[in-house]
Amino acid sequence: PQYHMKHQHNNMRVLRIFDPSFAAELTLAELEDYLTELQHFPPFCMHDLVPAMKADAKKYHYEAKGFTTDHNDMGRFTSDVLNFWKSKHLRFKGFAIPARIVFAPSPTSAACERVFSLLALFYGDQRDSSLHDQLETSLMLAYNKRDVGE
C-alpha cells in the first residue's frame, strides 16, 4: 500500500479558516468553498456541523475583517486568535463547536520522536543502503508493535 498524508494536509489547509486573519483575506464565496470542503473533515461530518457554519459564514466573515495580529510572534498570534474566538463566538454560534474541535488537540512530538528512535534502533549507519520499502515496512511494524506474519 501507498502511505501518504494527502488527506491530512488538505484538512490542515482548509482548517486555516479558523484563523480570522486568513478568513478576512478571503471573499465570502471563497470562505463558503472552504466550508464545503470541511464536510469531509471527520469530526465535522460525524456531527453535521457544516450547515450551521454556512448559515453563520457571513457574520464570521464580517467579524474577521477587523482582526489583526502579528504572525511573526507565535505567542501573540495564539493569544489573539483564541481571544477572538472567546469574545466573539456567540455572534456566530455555528462556528463555536467546530472552533473548539479545531483548537482542542495539544500538539506533541511524542509520536514523531518514537518513530525516529525506532529508525535509529533498526537502521544505524551500516544500513544506509536499505531499500525504501524495507525501511517503511519495518518501521510500520515496529511502530505498531507487530511482527512479520501476525
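Look up: the structure comes first, before these words.
What comes next is a walk through the structure. What you see is a predicted model, and the numbers here were worked out from it, not measured in a lab.

Formed by 28 residues in total, the largest nonpolar core has its most connected members in Ile17, Phe18, Leu38, Phe44, Tyr60 and Trp85. When contributions to this core are tallied by element, the ones reaching two or more residues are α2 (20–25), α3 (28–37), α5 (50–55), α6 (57–65) and α7 (74–88). Considering each element in turn, this core owes the most residues, four residues, to α7. Setting aside residues up to four positions removed in sequence, Ile17 forms contacts with Phe22, Ala23, Leu26, Leu31, Tyr34, Leu35, Leu38, Met53 and Tyr60.

Attention now moves to the pattern of salt bridges. Side chains that carry opposite charge are capable of pairing whenever their charged atoms lie near each other. Taken as a whole and assessed by the stated rule, the structure comprises five salt bridges. The closest approach of N and O atoms between Arg13 and Glu37, which form a salt bridge, is 2.4 Å. Within this pair, whereas Arg13 is found in helix α1 (residues 6–14), its partner Glu37 is found in helix α3, the two being separated by 24 residues in sequence. Looking at Arg13, the relative accessible area reads 25%, which means it is partly exposed. Among the salt bridges present, the one from Asp80 reaches Arg76, with a minimum N-O distance of 3.1 Å. Residue Asp80 and its partner Arg76 are both found in helix α7; the two are separated by four residues, about one turn of the helix.

Calculation rules
Residues numbered from 1 in each chain as written. Predicted model: local features only at pLDDT ≥ 70, side-chain atom pairs only at ≥ 80, totals over all residues. Heavy atoms only, no water. Core = buried A, V, L, I, M, F, W, Y, C linked by side-chain atoms within 4.5 Å. Buried < 20%, exposed > 50% of the residue type's maximum accessible area, 1.4 Å probe, protein only. Helix = DSSP H or I, 4+ residues; strand = E, 2+ residues; numbered from the N terminus. Contact = heavy atoms within 4.5 Å. Salt bridge = Lys/Arg side-chain N within 4 Å of Asp/Glu carboxyl O.

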